[in-house]
Amino acid sequence: MRVGGPNPVMLQRVNELDDRFPVTDVHLNSVLSGDTLVAAIAEGRLYLVDFYMLDGAPDGDYPHGQKYIYAPMAMFVVDPKTRTLLPFAIQIKQQPADDNPVFTPQDGWNWLIAKTMVEVADGNVHEAATHLGRTHLFIEPFVVTTYRQLAPNHPVALLLAPHFEGTLAINEAAWRHLIANKGAVDKLFGASIKAARGLSAASIRDNPFNDIMLPDTFEKRGVADGDLLPDYPYRDDSMLYWSAIEKWVSEYLAVYYPNEGDPQADTELQAWFAELVATDGGRVIGFGEDGGIKTRSCLTKSLTLIIYTCSVQHAAVNFPQYDLMSYTPNMPLASYAEAPTTTSGATEQDFLDVLPPLDMAELQMNLGYLLGNVHYTQLGQYKKGHFTDGRIAEPMNRFQQQVTSIGGTIQERNTTRRPYEFLVPTGVPQSINI
Ligand code: MN
């Protein structure tokens, strides 16, 4: 769930311990006897997920009364022998207290309940921030502005159009049905509908365009190094696509902007940029360089992030909605009982009391099936005749071959790791359309 689940973007390497989460060697020894936190930190084996962004989020109460959501932290260690990630400590609320203990795998039903509360938090952050905010809504201003400011035969508009197909329609449907008052999110989420919308908005405000280039996101979280964290299929597979898309965009743009400074003279492109960053326009933050798009390398980087987000990133976070989220006990979207205040004494019934009632479980299953099961179009399969410029044929063929070859690499990797299927090429649509 951390390295190949619906929300595989939360894990961060721990370089020093934090007073909020008083983890000790005793907790660590619940999974690895003899290991120490000092050694684990020194060897880059200690990892954390921290749902601080949910701290203070009001609980929802629709439609069956009080629901609960917390802001948990969970700590993981890489087993030096097997090299896989093991969870060993969970604290359900942010501030340590006698009635907010650290749970470990020794704690029986309490451990399962604590893990489930991490899944509730992860599910809410996944849907509101990682999925809706940082793919569907992040891309929307680019769709609108591209149609408003670029001629349909502008090279950038032509390149982007297939990656924008269906996005405004699915976003409108989400606004009308999913995130409306008394809609599915209001029903399913532990957080109130207002809190969920706020989380979505914040996830874009905290997400400056130039800071979220894929390789940088892994570096920033300290998880880029495959020697330290070998088992991270989302990282390994997404990075293959990032490089392929970057190469395709760069070869494509070189046809129309032969010199590094050429984008500066493209008046449509500059108007596109101006509307995207305008307060009464797209309000995209941290985008461009010195108030414009001055260089081909800036344009290449920008279009790479846009196409990657429309295709690979959305596929990675959308399709697990069926495979991993439609079975409610694996990832309930709300808790229906309060967090335990002691590490022992819970029973199976206490765990069952946490889970949503049957009608909510059915709704989560139906929604996961609907949203996680429609694969329309495939990355790189541009419609015949879409690019009429003969100079594009060769780079496009190279890109398509590259995607096929990535598929081969993923299939091969899946024979030696727990299979990660979300990024096989047939599972990656061109656009956000579901
Ligand atoms: Mn989606």
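The present account deals with the structure reproduced in this document. It should be emphasised that the depicted structure is a prediction, and the values quoted were computed from it without experimental measurement.

Calculation rules
- Residues numbered from 1 in each chain as written.
- Predicted model: local features only at pLDDT ≥ 70, side-chain atom pairs only at ≥ 80, totals over all residues.
- Heavy atoms only, no water.
- Helix = DSSP H or I, 4+ residues; strand = E, 2+ residues; numbered from the N terminus.
- Rg over C-alpha atoms; globule rule 2.2 N^0.38 Å.
- Buried < 20%, exposed > 50% of the residue type's maximum accessible area, 1.4 Å probe, protein only.
- Contact = heavy atoms within 4.5 Å.
- Pairing = 2+ DSSP bridges.
- Axes fitted to C-alpha atoms, helices over the stretch in contact; angles between N-to-C directions.
- Parallel < 35°, antiparallel > 145°, perpendicular 65-115°, else oblique.
- Left-handed = near helix turned anticlockwise from the far one by under 90°.
- Nonpolar A, V, L, I, M, F, W, Y, C, P; charged D, E, K, R; others polar.
- Donors = N, O, S within 2.8 Å, 3.2 Å for Na, K, Ca; no water.
- Expected span 1.5 Å × (residues − 1).
- Bend = angle between axes of the 7 residues up to and from the residue.
- Phe/Tyr/Trp six-rings, centres within 6.5 Å; stacked < 30°, edge-to-face > 60°.

This paragraph deals with the overall build of the protein. A count of helical and extended segments in the protein gives 15 helices and five strands. Computed over the C-alpha atoms, the radius of gyration of the protein is 23 Å, within 12% of the 22 Å expected from 2.2 N^0.38 for a compact globule of 434 residues. In terms of overall dimensions, the protein has C-alpha extents of about 70 × 50 × 40 Å along its principal axes. Across the 434 residues in the protein, those meeting the buried criterion constitute 53%. Considering only intrachain contacts with a sequence separation of at least 6, the fraction spanning at least 24 residues in the protein is 76%.

Within the open sheet, the five strands sit side by side as β1-β2-β3-β4-β5. Their pairing is antiparallel. Looking at the sheet topology across the chains shown, the edges are occupied by β1 (12-13) and β5 (102-103). Taken together, the six bridges between strand β3 (residues 73-78) and strand β4 (residues 85-91) define a ladder with antiparallel strand orientation. Looking at β4, one finds that M75 is bridged to A89.

Look at helix α3 (residues 109-149) against helix α5 (residues 167-178): their axes get within 10 Å of each other, and the N-to-C directions meet at 130 degrees. In this view, α3 runs oblique relative to α5, as classed from their interaxial angle. The two elements α3 and α5 cross, and the hand of that crossing is left-handed. Together, H136, L137, I139, E140, V143 and V144 of α3 and T167, L168, I170 and N171 of α5 make up the contact between the two elements. The residue makeup of the contact of α3 with α5, split by class, is six nonpolar, three polar and one charged.

The next point concerns the environment of I307. By the secondary structure assignment, I307 is in helix α11 (residues 296-318). Once residues lying within four places of it in the same chain are set aside, the contact partners of I307 are L159, L160, H163, I245 and V249.

Only H131 (NE2), H136 (NE2), H314 (NE2), N318 (OD1) and I434 (O) from the protein coordinate the manganese ion, and they sit 2.2 to 2.3 Å from it. Each donor residue of the manganese ion lies on the same chain, and together they follow the pattern H-x4-H-x177-H-x3-N-x115-I.

This brings us to the environment of R283. Tracing the backbone shows R283 in the loop between α10 (267-277) and α11. Look at R283 and you get exposed, because its relative accessible area is 60%. Through-space distance from the C-alpha of R283 to that of R205 is 9.3 Å; in sequence the pair is 78 residues apart.

Our focus in this paragraph is the pairing of β4. Burial of β4 is extensive: five of the seven residues sit out of reach of the surface. Between β3 and β4, which pair antiparallel and follow one another directly, the connecting turn spans six residues, one of which, R83, has a positive phi of 65 degrees. When β4 meets β5, the two strands line up antiparallel, connected through two bridges. Across the sheet, residue Q91 finds its bridge partner in β5, namely V102.

When the terminal C-alpha atoms of α3 are compared, their 57 Å separation across 41 residues agrees well with the 60 Å that a helix rising 1.5 Å per residue should span. Within α3, the axis deviates most sharply at L132, by approximately 45 degrees. Most of α3 is tucked away, with 31 of its 41 residues classed as buried.

Overall, the coordinates contain 22 aromatic pairs when judged by the stated rule. Residues F138 and F142 carry aromatic rings whose centres are separated by 5.9 Å and whose planes lie at 55 degrees to one another, so their mutual orientation is tilted. In this pair, F138 and F142 both sit in helix α3, four residues apart, roughly one turn of the helix. Here F138 and F142 have matching classes, each one buried. Look at F142 and F287: their rings are 5.6 Å apart centre to centre, the planes differ by 85 degrees, and that puts the pair in the edge-to-face class. With F142 in helix α3 and F287 in the loop between α10 and α11, this residue pair connects regions lying 145 residues apart in the sequence.

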